[in-house]
Every structure is written in C-alpha cells, then in structure tokens.
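So the chains spell out like this:
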Amino acid sequence: MTQHEGRSARHNQGMATRRSVLGEGYVDRRAAATSEFERPFQELITEAAWGHVWSRDNWDKRQRSIVTIALLAALGHYEEMVMHIEATARTGATEDDIREIMLHVAIYAGVPTANHAIKLARQALERMKEGKHE
C-alpha cells in the first residue's frame, strides 16, 4: 500500500498542507521516525489539524501561522513554536510578524513566557538567516 492509499480525502489534503507548511524533508523525516505506537496520533493530527483547520480557506497560511505561533508561545509549547517559526519561510509570516506576536504574548500570557519565547524565536530566526533550518 502506498502512503496515501486507503486514506481519507481529508487526510490526503492534510498531508499536502502539512508538507507545504513544514516542508517535504521535515514531514518525510517525521513519517520515517513514526512508531506504530504513535501512528494513530500522527494520523489524527494530519487529518484534524492539517486537513480540517490548516486547509480551510477562511485564513491564508500567514494568518494561521501567526495565530499558531502566538498560541504555542503563550502555552509554553516552545519546541512546536520553533518548528512553526521555521515554517514561516513557507507561510509568509515575517520577522516583523513574529516580533508583534511576542509583544502580544508578553501582554496576554506574561512577560516570563514571552521572554523565553523571544529567546528561542531569535535563535530560530538566526538559524533561518544562516540557512540552517528545514
């Protein structure tokens, strides 16, 4: 069975969207590292997050990227936040957008949360400028 045989149309759309946002290489590495234990979770997020939410037409990828980064930073999910900052190379969100996100996080989620998020965002942006990201 090929990767997309037997999958729902929503799952296939989610995988296409996931690849367009996170990059072919990242998604391929993630798929190769997925164990049988976590496979149902990966299928869930591919269909639900990427197929249902990220694939909607109401917002473009830049808008979704901004909201996602803000939520992840505010909740302290820094590893995922960094992944989505690196994805801005494909979503169109800019360094200025990320700066504005962090100001909102500082006010609405707290300065310590934003302080750490800003540190990690700056590091991710530096890696991106050096071409050391996905």
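Residues numbered from 1 in each chain as written. Predicted model: local features only at pLDDT ≥ 70, side-chain atom pairs only at ≥ 80, totals over all residues. Heavy atoms only, no water.

## Looking at a nonpolar patch on the surface
Item 1. Taken together, the side chains of Trp59, Val67, Leu71 and Leu75 present a nonpolar region at the surface, about 390 Å² in accessible area.
Item 2. Among the structural elements, Trp59 can be located in the loop between helix H3 (39-53) and helix H4 (61-75). (Patch = residues over 30% accessible without salt bridge, like charges linked within 9 Å, V, L, I, M, F, W, Y side chains within 5 Å. Areas by Shrake-Rupley, 256 points an atom, 1.4 Å probe, with all protein chains shown as cover. Salt bridge = Lys/Arg side-chain N within 4 Å of Asp/Glu carboxyl O. Helix = DSSP H or I, 4+ residues; strand = E, 2+ residues; numbered from the N terminus.)

## Some points on the pattern of salt bridges
Item 1. Overall, the coordinates contain eleven salt bridges when judged by the stated rule.
Item 2. Where Arg30 meets Glu38, a salt bridge forms, and the shortest distance between an N and an O atom there is 2.5 Å.
Item 3. With a shortest N-O distance of 3.1 Å, Arg127 and Glu86 are connected by a salt bridge. You can see Arg127 sitting in helix H8 (residues 111-129) and its partner Glu86 sitting in helix H5 (residues 78-86), a full 41 residues away along the chain.

## Concerning H4
Item 1. Helix length check: H4 (15 residues) gives 21 Å between terminal C-alpha atoms against 21 Å at 1.5 Å per residue, within 8%.
Item 2. Along H4, the positions that sit buried rather than exposed are Arg64, Ser65, Thr68, Ile69, Leu72 and Ala73. All buried residues of H4 lie within an arc of 155° about the axis, which places them on one face of the element.
Item 3. As for H4, its buried residues are in contact with H3, H5, helix H6 (88-91), helix H7 (95-109) and H8.
Item 4. Two to three positions downstream of the cap, the backbone nitrogen of Arg62 sits 3.2 Å from a side-chain oxygen, assigning the N-cap of H4 to Asp60.
Item 5. Gly76 sits one or two positions beyond H4 and adopts a positive phi of about 75°. (Expected span 1.5 Å × (residues − 1). Buried < 20%, exposed > 50% of the residue type's maximum accessible area, 1.4 Å probe, protein only. Arc of directions from axis to C-beta. Contact = heavy atoms within 4.5 Å. Polar contact = N/O pair within 3.5 Å; in protein donor to acceptor, adjacent residues only side chain to side chain.)

## What about the UniProt feature "domain: Carboxymuconolactone decarboxylase-like" (unreviewed entry) in the protein?
Item 1. Sites flagged by UniProt as "domain: Carboxymuconolactone decarboxylase-like" (unreviewed entry) map to residues 41-122.
Item 2. From the first C-alpha to the last, residues 41-122 spans 30 Å; its make-up is 83% helix and 0% strand. (UniProt positions renumbered as here; feature names shortened; annotations may be inferred.)

## So, the nonpolar core
Item 1. In terms of nonpolar packing, the biggest core is built from 18 residues, with Ile69, Ala73, Met81, Ile85, Ile98, Met102 and Ala117 touching the most fellow members.
Item 2. Counting only elements with at least two residues in this core, the list comes to H4, H5, H7 and H8.
Item 3. Met15, Val21, Val27 and Met83 belong to the second-largest nonpolar core, a separate cluster that totals eight residues. (Core = buried A, V, L, I, M, F, W, Y, C linked by side-chain atoms within 4.5 Å.)

## Description of H8
Item 1. Taking 1.5 Å as the rise per residue, H8 with 19 residues should run 27 Å; its terminal C-alpha atoms sit 26 Å apart, in good agreement.
Item 2. Residues Thr113, Ala114, Ala117, Leu120, Ala121, Ala124, Leu125 and Met128 constitute the buried set of H8. The buried residues of H8 occupy one face: seen down the axis, they fall within an arc of 145°. Opposite its buried face, H8 presents the exposed residues Val111, Pro112, Asn115 and Lys129, each directed more than 90 degrees away.
Item 3. Next to the buried residues of H8 lie H4, H5, H6 and H7.
Item 4. The first or second residue beyond H8 is Gly131, which carries a positive phi of 75°.

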